[in-house]
Amino acid sequence: MKLNIFLGYACNFKCSYCLQDPGKETAVRQKGGVSEFVERVVPQLSGKRIDLLGYWGGEPLLYWQTIRDLQSALFEAGIDVRAIRVTTNASLLTPEIVGDLNAMGAHVVVSDHGSFGEPAWDLVRHLERFSLHFLFTGKAPTAWPWFDRIKETEDRIGRRVFPHVGWVRAMDGCDPAYWMTPEDLALHLSHLWDLAEMRISGDRLASDLLEGPYQEWREAMTRSNSVIEPLCYGSDHVSVDLSGNRYVCHHSVDRSLKTGEMFKTGRTKAEQSAEASAARFVETENCRNCAINHWCRGNCHRSRTHEVDCRLAKAKHEIFSWIAQQEGLRHGGLYHHAHRS
Ligand code: SF4
Ligand code: SF4
């Protein structure tokens, strides 16, 4: 199971492409904080295996004491947590936090927001497991500037840097100027094919940029799910606040996205409607009949650009299939240069 814990919206930056919903603070009620979490959530996790635990702000480092307390509570209760991920702008790192993160074995995804503020690179270099986050958006449809950014960071910290690549979601909270239009998509897809071809030719950075999304695709495509659940809400994907309220998206605790208490079955009308909103694409005929629905799962259900998202998912599937075929052929000694479709 993937468990996301929402800590709060506070952040020391104000990036316009942020996927969090800081404007919607009405539903944030952290009255009980950690003690409420320990009382209401931890017992329900007993006996469950958490494959990936994600801590989400705002900026999680502003909630560091809370994270420490939550970690202690989970540890003391013997909850089986296999991996931890913290996504941060890393500007507030301290030597103590670095020590804690390393002791937790956390994978730290450092999002470098350039002009908005720099990560504390002197401390980032001491993180045992970290990657640098990049986001494809309508304003950043190609990764070319990231090549230099990765090399600069490697020079700065003296070791290899792995990118962690994502795609913007056209949802509330994110400035529409960053959403991908059909025109942006055309340029972006051509670029993804370039990266794929570069990967096959042995380019290290292109290969690293595609690696995470490619492996995720491979893993999903070899899984045999009979029931297709929405992308961010299901038996294996749970997002909660500290009071144990469950949401259909880990970027927001808006009331309209709340589906009631964790693992509860009976739901109010409002909670049913939140659940239905999560399934609004995946349960359409198109998605139900789609060959890649157990990977795509209807895409982001909060997106305002579903058509673009759907085309992107299908094109990514084609590109990743091509890579798999080329790498399979190469490993079999039969590699020859292939063509984009
Ligand atoms: S629904 Fe999922 S993909 Fe969409 S914004 Fe929320 S967490 Fe991201
Ligand atoms: S690719 Fe399109 S049709 Fe297929 S599951 Fe995703 S959103 Fe649905």
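Residues numbered from 1 in each chain as written. Chains lettered and ligands numbered in written order. Predicted model: local features only at pLDDT ≥ 70, side-chain atom pairs only at ≥ 80, totals over all residues. Heavy atoms only, no water.

(A) Main features of the pattern of salt bridges. In total, this model carries 18 salt bridges according to the counting rule given. Where Arg204 meets Asp208, a salt bridge forms, and the shortest distance between an N and an O atom there is 3.9 Å. In this pair, Arg204 and Asp208 both sit in helix 8 (residues 204–222), four residues apart, roughly one turn of the helix. Through salt bridges with shared partners, a single ionic network connects Glu118, Arg149, Glu152 and Arg156. (Salt bridge = Lys/Arg side-chain N within 4 Å of Asp/Glu carboxyl O. Helix = DSSP H or I, 4+ residues; strand = E, 2+ residues; numbered from the N terminus.)

(B) Region of the structure containing the site of ligand 2. Residues in close proximity to ligand 2 include Asn286, Cys287, Cys290, Ile292, Asn293, Cys296, Gly298, His306, Cys310, Ala313 and Lys314, which together make up its full environment. In this structure the site holding ligand 2 corresponds to the second largest pocket. Going through the elements one at a time, helix 10 (285–288), helix 11 (293–296) and helix 12 (306–331) are the ones with two or more residues in the shell around ligand 2. With four residues, the top contributor of residues to the shell around ligand 2 is helix 12. When its residues are assigned to classes, the shell around ligand 2 shows six nonpolar, four polar and one charged. (Near = heavy atom within 4 Å. 1 Å grid on protein atoms, 1.4 Å probe; cavity = no way out; pocket = protein on both sides within 12 Å on 5 of 7 lines; lining within 4 Å. Sits in = over half its atoms within 2 Å of the grid points. Nonpolar A, V, L, I, M, F, W, Y, C, P; charged D, E, K, R; others polar.)

(C) Layout of the environment of Gly105. Take Gly105: it is sitting in the loop between helix 4 (95–104) and strand 6 (107–111). Since its relative accessible area comes to 31%, Gly105 is described here as partly exposed. Gly105 sits 51 residues away from Gly54 along the chain, and the two C-alpha atoms are 13 Å apart. (Buried < 20%, exposed > 50% of the residue type's maximum accessible area, 1.4 Å probe, protein only.)

(D) Examining the site of ligand 1 more closely. The full set of residues close to ligand 1 is Arg169, Met171, Cys232, Cys249, His250, His251, Cys300 and His301. When its residues are assigned to classes, the shell around ligand 1 shows four nonpolar, three polar and one charged.

(E) Here's a closer look at the packing of helix 6 (residues 144–157) against helix 8. Between helix 6 and helix 8, the shortest axis-to-axis distance is 11 Å and the interhelical angle comes to 100°. Comparing their axes, helix 8 and helix 6 come out roughly perpendicular. Across the interface between the two elements, Trp146, Phe147, Ile150, Lys151 and Glu154 from helix 6 touch Arg204, Leu205, Ala206 and Leu209 from helix 8. When grouped by side-chain class, the residues that make up the contact of helix 6 with helix 8 number six nonpolar, no polar and three charged. (Axes fitted to C-alpha atoms, helices over the stretch in contact; angles between N-to-C directions. Parallel < 35°, antiparallel > 145°, perpendicular 65-115°, else oblique. Contact = heavy atoms within 4.5 Å.)

(F) The pairing of strand 3 (residues 52–56), seen in detail. Taken across its five residues, strand 3 has five buried, putting it largely inside the fold. Burial along strand 3 is two-sided: the face carrying Leu52, Gly54 and Trp56 and the face carrying Leu53 and Tyr55 are both buried. By the bridge criterion, five bridges tie strand 1 (residues 2–6) to strand 3 in an arrangement that is parallel. For Asn4, the partnering residue across the bridge sits in strand 3 and is Gly54. Pairing geometry for strand 3 and strand 5 (residues 84–88), over three bridges, is parallel. (Pairing = 2+ DSSP bridges.)

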